[in-house]
Amino acid sequence: MPNVSATTTISTDPPYNPLATGFNNFIVTAQFPTPTDFGDSCSWLYGGELDSGSGAQFYSGVFSGCDPPAPGTYDSITCIEQTIDGTNYTITTLTITQPLVAGNINIEVRCIISTNTPGPINRTVQDCSSSLPYDVIVDATSRIFNSPGNFACSNGGKLFNSNSTMMTSSDTTCLASAEWSGQDNLQCWTAPSVSLASASIDGNKLTLVEGNDLNLTCNYDDVIPAGKTSRFYIGRNLSYTRTQGLPFILSPIQRSDNNKIVSCQAITPYTDLYPASARSSEYTLDVFYISSSVINKIETSQFVIEASESNYLLRSDQQLTMNCTPSDANPPATCSWQLCSDSRCQTLTSDGGCLITVDLNASSNVTCAAENIVGNVTSAEQTVNVVPAERQVQFNVTGSNVTNDGSINSTTYLGESIMISCSVSYENELNTAYLIKLPNNSMISQPSKLFSSLTRDDSGDYICSTNDQFGSFNAAIYLNVIYAPQEDDVTTSDDCNGWYVGQSGASCSVVFYSNPSSQFVSLTNNDQPVTTDGMMTIKSNGDEQTFEFQKNEVTSSDNGTYTLTVQSSNKYIFYHNVQIIFHIIVADEPPPTPGLSIGAIIGISCGVAIIFISVAAYAVFRWRRGTKMENESGSIYTNEHHNQIPLDQPAYIEVVGNDSTQMNSHNQSHYEVVGPAQDDNGYLVVNGNTSGDVTKETSNFQPETGNAGYVVLNGRHDAESNNHGNASSSSKRYENIDGAYDDVITAPHPHTENESKTYENIEHHDVHPDV
């Protein structure tokens, strides 16, 4: 049988590969030239999951032609003959009427003789897929032909069409082509997983040092749809866009960037629709920096004051508290202090952070430093001057002719101009107030006084008292004004004018003033040296000098002008002798007697003598008895109107107090033993002079400044003390107790000229109205 040369074709409907499981009425059409051999026959052959492979004959010989069988269980076959362009064709169809079963099917047309027949064709029969490209999945109970289902995204994304429009419905159906309806170009859009990369990341922080660069990279996965850029966020308001894969550099990092939140975002079509998506984790910028400045704050108080800018005063018995306060630092700074004194420095730290309390032993320059891992910064230098709790008052006398003995005594001359000045350390910074007490008990509230021309009354004790925030202090100076006797300051007794010839025991007294005392004198009368059958003496009572000239028998030659030549006891003080002129008038007869009878004169004399003896005896009795008696005036008993202590009687000093505060009323007296005094183990040692006077000085009795309830017993003249150098500056304190007599100094033994005796302090004493 000749070969069929015409073209053969075979086609399917639908022309899919694969086919959906359960699809029925699958049609296969074959067209081929009709066989011309008489013995030839053609059949449909199909196998695999359809049957065993035996087919059904649909063509039988050239005379019978098309002879399709009746429809079978699985299939139906048709056959026709048709002339096309002069060629006879056999056109046959095979319809598989039963639902297809998953697997593979092979279909062909086979003629016994002809070799040019269609086929074979192969088809895969399968369920509609459960997953599609682009992370699309189908949720369906069955996956065979015409089964319903729903599209979904396996990655949690959202369903989009290929034109970037969101899919409005997820419903679908399994088609004959084993595809789901609408699955073409369907995509699942998701936000990429994004991470921020930096070498500075430490936990949830980006740790940097101020001035360095911040280097960031934004990494994210390839997703649908893909992205090409990254956006970096710094804080709330700053964002920077970079091409994907390129780093972002912020330079330099500043302390103002500290605590800013840093992140990045992948920029894709998806994030354009959902701006909050595709963000990395957030990190906090931890910028390390040191303080731009630091201040050392010194806490002030009553005894810690700011004298001027960066200059403080600290009383030595107080502590210094300092607070080192950095303006800012990250991480927090530790504090230390450097104290430098006399080129020696020490560094101090505090367990309490930046607050420290120290004992400062010497004036120092102080700085504090704040330090962390970035570096350190130091405060401005401050000076703390340590002021002694007990400040020494400087009390000086200056002038062209002033001699200071190096302690508390200054010597100068009458008529000189001097300056007395008082000062104490840090007086300006502490606004120190001054009070100077003068020998005449007047007060001046100035630190100095100018004496343009000294008088003899300017000799004495000068006491300077200071008062300020850091305390009250005293100092004293004894000013010794040296002068020679002055002719205009001489007094002669009335006896000098009442001599008469033949008078027995006539005397003439001349009183003058000299400092130091004048012990060397000579006397002339009418330029002739005077000799006497009586005596010539000179007595000293302080700077008061008394020259007494006595004659056992007066002659007419004693009449005349006398010249008393006085020489200082220290020839180096006065360079010339001083001459004092006085007159003695000698009468020829005694003066007339007053008009009383001799009997009356004798009676009066006897009465006076008896009264005097009685009073003296009572006084001696009261002095020796030693029992306490008090009166209003609070005075002291003496046996002489000028308060001279008898050599065989004890002396008393009385201090009368009221309420421990005021000591200046009329009944509060102060008695001082005149003469150099020395404090010796609870006793007052008095170097007696010729008379051993006790002087009543009410105005010397004053409360000590700043010590209410105490009184000061002031020394006089050259008084010295083992305490601070002068009785008026060392000032023994006598406490007032319930208004009683504060202190009494009694002499248990008499004293004589130029002897030193000890006067014991006792609680009580006798008092008696002044005589």
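Note that the coordinates shown come from a computational prediction; the quantities given were computed from them, not determined experimentally.

1. Re the side chain of R391
Consideration 1: Mapped onto the elements, R391 comes out in the loop between β35 (382-387) and β36 (394-399).
Consideration 2: A distance of 2.9 Å separates a polar side-chain atom of R391 from the backbone oxygen of S425.
Consideration 3: Within polar-contact distance, the side chain of R391 engages the side chain of D468 at 2.8 Å.
Consideration 4: Discounting residues that sit within four places of it in the chain, R391 has contacts with V424, S425, Y426, L430, T432, D468, F470 and F473.

2. Quick notes on the state of the cysteines
Consideration 1: Applying the stated rule across the entire model yields ten disulfides.
Consideration 2: There is a disulfide in this structure between C42 and C111, and the S-S distance comes to 1.7 Å. Classification of the bridge connecting C42 and C111 rests on its S-S torsion, roughly 100°, and on that basis the disulfide is right-handed. One end of the pair, C42, is in strand β4 (residues 41-48); the other, C111, is in strand β9 (residues 103-111), with 69 residues separating them in the sequence.
Consideration 3: Residue classification places C111 among the buried positions, given a relative accessible area of 5%.
Consideration 4: The disulfide partner of C324 is C368, and the S-S distance across this bridge is 2.3 Å. Taking the torsion about the sulfur-sulfur bond, which here is approximately 75°, the covalent link between C324 and C368 counts as right-handed. One end of the pair, C324, is in strand β29 (residues 320-326); the other, C368, is in strand β33 (residues 364-371), with 44 residues separating them in the sequence.

3. Considerations on the pairing of strand β27 (residues 304-308)
Consideration 1: Of the strand pairs in this sheet, β27 and strand β28 (residues 311-315) are connected by four bridges, and their pairing is antiparallel. Counted as the bridge partner of E306 is Y312 from β28.
Consideration 2: Between the antiparallel neighbours β27 and β28 lie two residues, among them S310 with a positive phi of about 65°.

4. Some words on the side chain of N296
Consideration 1: Within the secondary structure layout, N296 lies in strand β26 (residues 294-298).
Consideration 2: A polar contact is formed between the side chain of N296 and the side chain of W337, at a distance of 3.0 Å.

5. Some details on the sheet that holds β36
Consideration 1: Pairing is antiparallel across the open sheet formed by three strands, whose spatial order is β36-β39-β42. Pairing within the sheet leaves two strands with one partner each, and these edge strands are β36 and β42 (448-451). Each strand of the sheet is rotated relative to its neighbour by a mean of 10°, with strand direction disregarded.
Consideration 2: Taken together, the six bridges between β36 and strand β39 (residues 418-423) define a ladder with antiparallel strand orientation. Paired with T398 across the two strands is M419, which belongs to β39.

6. A short note on the packing of aromatic side chains
Note on aromatic pairs: each is described by the distance of the centres and the angle between the planes.
Consideration 1: Counted under the stated rule, the structure contains 13 aromatic pairs.
Consideration 2: A ring pair is formed by W44 and F58, whose centres lie 6.2 Å apart and whose planes are at 40°; its orientation type is tilted. Of the two residues, W44 sits in strand β4 while F58 sits in strand β5 (residues 56-60), which places them 14 residues apart along the sequence. With respect to class, W44 is no different from F58; both count as buried.
Consideration 3: Between F160 and W189, the ring centres sit 3.9 Å apart and the planes meet at 10°, which makes this aromatic pair stacked. With a gap of 29 residues between them, F160 in strand β14 (residues 158-160) and W189 in strand β16 (residues 187-189) connect regions that are remote in the sequence. The pair formed by F160 and W189 is uniform in burial state, with each residue classed as buried.
Consideration 4: Taken together, the ring pairs connect W499, F549, Y562 and F582 into an aromatic cluster.
Consideration 5: Of note, K449 hangs over the ring of F451, and the distance from its end group to the ring centre comes to 5.1 Å.
Consideration 6: The ring of Y513 has R456 lying over it, and the distance from NZ or CZ to the ring centre is 3.9 Å.

7. Concerning the confidence of the model for the protein chain
Consideration 1: Model confidence for the protein chain is summarised by a mean pLDDT of 77, while 74% of its residues fall at 70 or above.
Consideration 2: Low pLDDT, under 50, characterises residues 49-53; the predicted model gives this stretch twelve contacts beyond four residues in sequence or across chains.

8. Some points on the pattern of salt bridges
Consideration 1: Scanning the model with the defined rule gives eight salt bridges in all.
Consideration 2: Note that K205 is salt-bridged to D286, the shortest N-O span being 3.8 Å. Taken together, the residues K205 in strand β19 (residues 205-209) and D286 in strand β25 (residues 283-288) connect sequence positions 81 residues apart.
Consideration 3: On the accessibility criterion, D286 (11% relative accessible area) is buried.
Consideration 4: Salt-bridge contacts for R456 lead to D489; the nearest nitrogen and oxygen are separated by 3.1 Å. Of this pair, R456 sits in the loop between β42 and β43 (460-468) while D489 sits in the loop between β44 (471-482) and β45 (491-492), and the two are 33 residues apart along the sequence.

9. Things to note about the environment of T466
Consideration 1: Tracing the sequence through the fold places T466 in strand β43.
Consideration 2: Overall, the relative accessible area of 1% leaves T466 in the buried class.
Consideration 3: Once you skip the residues sitting within four places of it in the chain, T466 turns out to touch V393, C422, V424, T432, A433, Y434, G471, S472 and F473.

10. Some thoughts on the pairing of strand β40 (residues 433-437)
Consideration 1: Where β40 meets β43, five bridges bridge the pair, whose relative direction is antiparallel. Residue pairing across strands places L435 opposite S465, the latter belonging to β43.
Consideration 2: Across two bridges, the pairing between β40 and strand β41 (residues 443-444) is antiparallel. Bridge pairing links I436 to I444 in β41.
Consideration 3: Adjacent in sequence and paired antiparallel, β40 and β41 are bridged by five residues, among which N441 carries a positive phi angle near 70°.

11. Some details on the sheet that holds β26
Consideration 1: Strand order in the open sheet formed by three strands is β26-β29-β32, with antiparallel pairing between adjacent strands. The sheet is open, and its two edges are formed by β26 and β32 (355-358), each paired on a single side. The mean angle between the axes of side-by-side strands here comes to 20°, regardless of whether they run parallel or antiparallel.
Consideration 2: Pairing geometry for β26 and β29, over five bridges, is antiparallel. By the bridge assignment, N296 is partnered in β29 with C324.

About the criteria used
- Residues numbered from 1 in each chain as written.
- Predicted model: local features only at pLDDT ≥ 70, side-chain atom pairs only at ≥ 80, totals over all residues.
- Heavy atoms only, no water.
- Helix = DSSP H or I, 4+ residues; strand = E, 2+ residues; numbered from the N terminus.
- Polar contact = N/O pair within 3.5 Å; in protein donor to acceptor, adjacent residues only side chain to side chain.
- Contact = heavy atoms within 4.5 Å.
- Disulfide = S-S within 2.5 Å.
- Buried < 20%, exposed > 50% of the residue type's maximum accessible area, 1.4 Å probe, protein only.
- Pairing = 2+ DSSP bridges.
- Axes fitted to C-alpha atoms, helices over the stretch in contact; angles between N-to-C directions.
- Phe/Tyr/Trp six-rings, centres within 6.5 Å; stacked < 30°, edge-to-face > 60°.
- Lys NZ or Arg CZ within 6 Å of the ring centre and 35° of its normal.
- pLDDT = per-residue confidence, 0-100.
- Salt bridge = Lys/Arg side-chain N within 4 Å of Asp/Glu carboxyl O.

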